[in-house]
Amino acid sequence: MSSRSRRGRRGVPVHFAAVIMTVAILSLASAMALQVRSLEVSDSYSVPLEQGIGAIDLNVVASLGEVEVNFAELHGEAAVITTRLSGSVSMLGGEAPLNMNVTYESDARTGVVNVTAFMDVYAPWPYHSLDEVRCEVLIDRGLAADINITVVTGGAAVRTVEGANIRGLSIDATSLGSVIALNNGTVLSGDVRVRTATGGSVLYWNNVIVDGDRRVTMEESSGELCAMIGQAGNMGGTVTLLGKSIGGPMTLRMELNGDVSASVDAASRRDARMNCSDGFRCHGGVMSSNEHPAASSFDVRLESAVGGIEAWGRWSP
């Protein structure tokens, strides 16, 4: 065979073959990424209620999603923790985006069961698309509860029932904010602290029994803070409510009856609007109920750097 014939039958250049191989791999990866399947993950964990236990210390840490705590009759269990995750995942997304770890320890000497729950979610986009990530906690209503919740990206909610005893409540949340509903007949025997980044916070207060002098602190960076307070009659103690927002508005509504009083002071009085209805009077940028101070009372202090403050108050005998 001549040298000219050999030159005419040269193979494909190495660099050109590498380009073809790269394109083929990328095409295969794209095709796999486009193959989407539904994703549904759920699990449940139970914490037994041992003899002599009358209180629970609950610590929940979540990297993503919503944490919700409620109270119910659990008949032999101290707490039930349920996780739910739903959405879609591609072929490249892996199998287990949700990792949950629950530990508990009962101490008969102190009468407290300590429960810790870690919820870690790793679901990077575009391989995952999540519709819902939730951690739901049910606490036996007979246990006095100290609740601590931290959500790195997401929000939290705590709702009580009649007879529930809150020994302490702390929430750190971000984009979805927080909701606290202290419902009729709840006992508040500890302090409350809520700190959110952008999602805002709402406090619902409905005829709560207060043990001692309690402090409720709400802090927000850019979302709205809202407190809706209704109290009919003596609540048994006093409450100092501190609200602070750097860039969002603040709203307070108070409806009081009987032997309970309130005083509302806004640190940034130029941006504050005090709306005094029956039984409240406004003087010097401060809003007070007619019979203030009473043995059972609210001392409210509001501060907003940018968003402004608006407060409404009504009291009747």
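These figures come from a predicted structure and were not determined experimentally.

## Details of the packing of aromatic side chains
Line of reasoning, step 1. Tallied over the full model, the rule gives one aromatic pair.
Line of reasoning, step 2. The ring centre of Trp312 lies 3.9 Å from the NZ or CZ of Arg253, which sits over that ring.

## What about the pairing of strand E3 (residues 77-90)?
Line of reasoning, step 1. Within E3, eleven of the 14 residues are buried, which leaves the element mostly enclosed by the surrounding structure.
Line of reasoning, step 2. Examined bridge by bridge, strand E1 (residues 36-48) and E3 share 13 bridges and lie antiparallel to one another. In the sheet register, Glu40 faces E3, and the bridge partner there is Ser86.
Line of reasoning, step 3. Relative to strand E6 (residues 128-140), E3 runs antiparallel, the two being bridged by eleven bridges.

## As for the confidence of the model for the protein chain
Line of reasoning, step 1. The share of residues in the protein chain with pLDDT of 70 or more is 86%, and the mean pLDDT across the chain is 88.
Line of reasoning, step 2. A low-confidence stretch, residues 1-9 (pLDDT under 50), is modelled with two contacts involving residues beyond four sequence positions or located in other chains.
Line of reasoning, step 3. Of the regions scoring below 50 in pLDDT, residues 23-34 engages in six contacts with residues more than four places distant in sequence or in other chains.

## Regarding the pairing of strand E8 (residues 165-173)
Along any regular strand, the residues point their side chains to alternate faces of the sheet.
Line of reasoning, step 1. Of all nine residues in E8, seven are buried; the element is thus mostly enclosed.
Line of reasoning, step 2. Pairing analysis gives seven bridges linking strand E7 (residues 144-159) to E8, with the strands arranged parallel. Each residue of the ladder has a partner; that of Ala145, found in E8, is Ile166.
Line of reasoning, step 3. When E8 meets strand E10 (residues 187-188), the two strands line up parallel, connected through two bridges. Within E10, the residue paired with Asn165 across the bridge is Val187.
Line of reasoning, step 4. Examined bridge by bridge, E8 and strand E11 (residues 192-196) share five bridges and lie parallel to one another. Paired with Ile171 across the bridge in E11 is Val194.

## Topic: the side chain of Thr160
Line of reasoning, step 1. With respect to the helices and strands, Thr160 occurs in the loop between E7 and E8.
Line of reasoning, step 2. Owing to a relative accessible area of 4%, Thr160 belongs among the buried residues under this scheme.
Line of reasoning, step 3. Among the polar contacts made by the side chain of Thr160, one reaches the side chain of Thr186 at a distance of 2.6 Å.

## Focus: the nonpolar core
Generally speaking, nonpolar side chains in soluble globular proteins are found buried as a group.
Line of reasoning, step 1. Of all hydrophobic cores here, the largest spans 73 residues; its most connected members are Ile147, Trp205, Leu252 and Phe298.
Line of reasoning, step 2. Ranked by the residues each element gives to this core, the list is headed by strand E2 (residues 55-72), at seven residues.
Line of reasoning, step 3. Apart from the residues lying within four places of it in its own chain, the contact partners of Leu252 are Ala227, Ile229, Leu241, Val264, Val300, Leu302, Glu310, Ala311 and Trp312.

## As for the pattern of salt bridges
Line of reasoning, step 1. By the definition in use, this model includes 16 salt bridges.
Line of reasoning, step 2. Between Asp172 and Arg193 there is a salt bridge, with its nearest N and O atoms 2.7 Å apart. Of this pair, Asp172 sits in strand E8 while Arg193 sits in strand E11, and the two are 21 residues apart along the sequence.
Line of reasoning, step 3. The class of Asp172 is buried, set by a relative accessible area of 17%.
Line of reasoning, step 4. Accessibility expressed as a relative area gives 29% for Arg193, which makes it partly exposed.

## With respect to the environment of Phe118
Line of reasoning, step 1. Among the structural elements, Phe118 can be located in strand E5 (residues 112-121).
Line of reasoning, step 2. C-alpha of Phe118 to C-alpha of Ala62: the two residues are 56 residues apart in sequence and 5.9 Å apart in space.
Line of reasoning, step 3. In this structure, Phe118 is in contact with Val61, Asn99, Met100 and Asn101, ignoring residues within four places of it in sequence.

## Description of the environment of Asn165
Line of reasoning, step 1. In this structure, Asn165 sits in strand E8.
Line of reasoning, step 2. Sequence spacing of Asn165 and Ala55 is 110 residues, and the spatial spacing of their C-alpha atoms is 9.2 Å.
Line of reasoning, step 3. Dropping the residues within four chain positions of it, Asn165 is found in contact with Leu143, Ala144, Ala145, Val187 and Ser189.

Here is what the cut-offs are and how they apply
- Residues numbered from 1 in each chain as written.
- Predicted model: local features only at pLDDT ≥ 70, side-chain atom pairs only at ≥ 80, totals over all residues.
- Heavy atoms only, no water.
- Phe/Tyr/Trp six-rings, centres within 6.5 Å; stacked < 30°, edge-to-face > 60°.
- Lys NZ or Arg CZ within 6 Å of the ring centre and 35° of its normal.
- Buried < 20%, exposed > 50% of the residue type's maximum accessible area, 1.4 Å probe, protein only.
- Helix = DSSP H or I, 4+ residues; strand = E, 2+ residues; numbered from the N terminus.
- Pairing = 2+ DSSP bridges.
- pLDDT = per-residue confidence, 0-100.
- Contact = heavy atoms within 4.5 Å.
- Polar contact = N/O pair within 3.5 Å; in protein donor to acceptor, adjacent residues only side chain to side chain.
- Core = buried A, V, L, I, M, F, W, Y, C linked by side-chain atoms within 4.5 Å.
- Salt bridge = Lys/Arg side-chain N within 4 Å of Asp/Glu carboxyl O.

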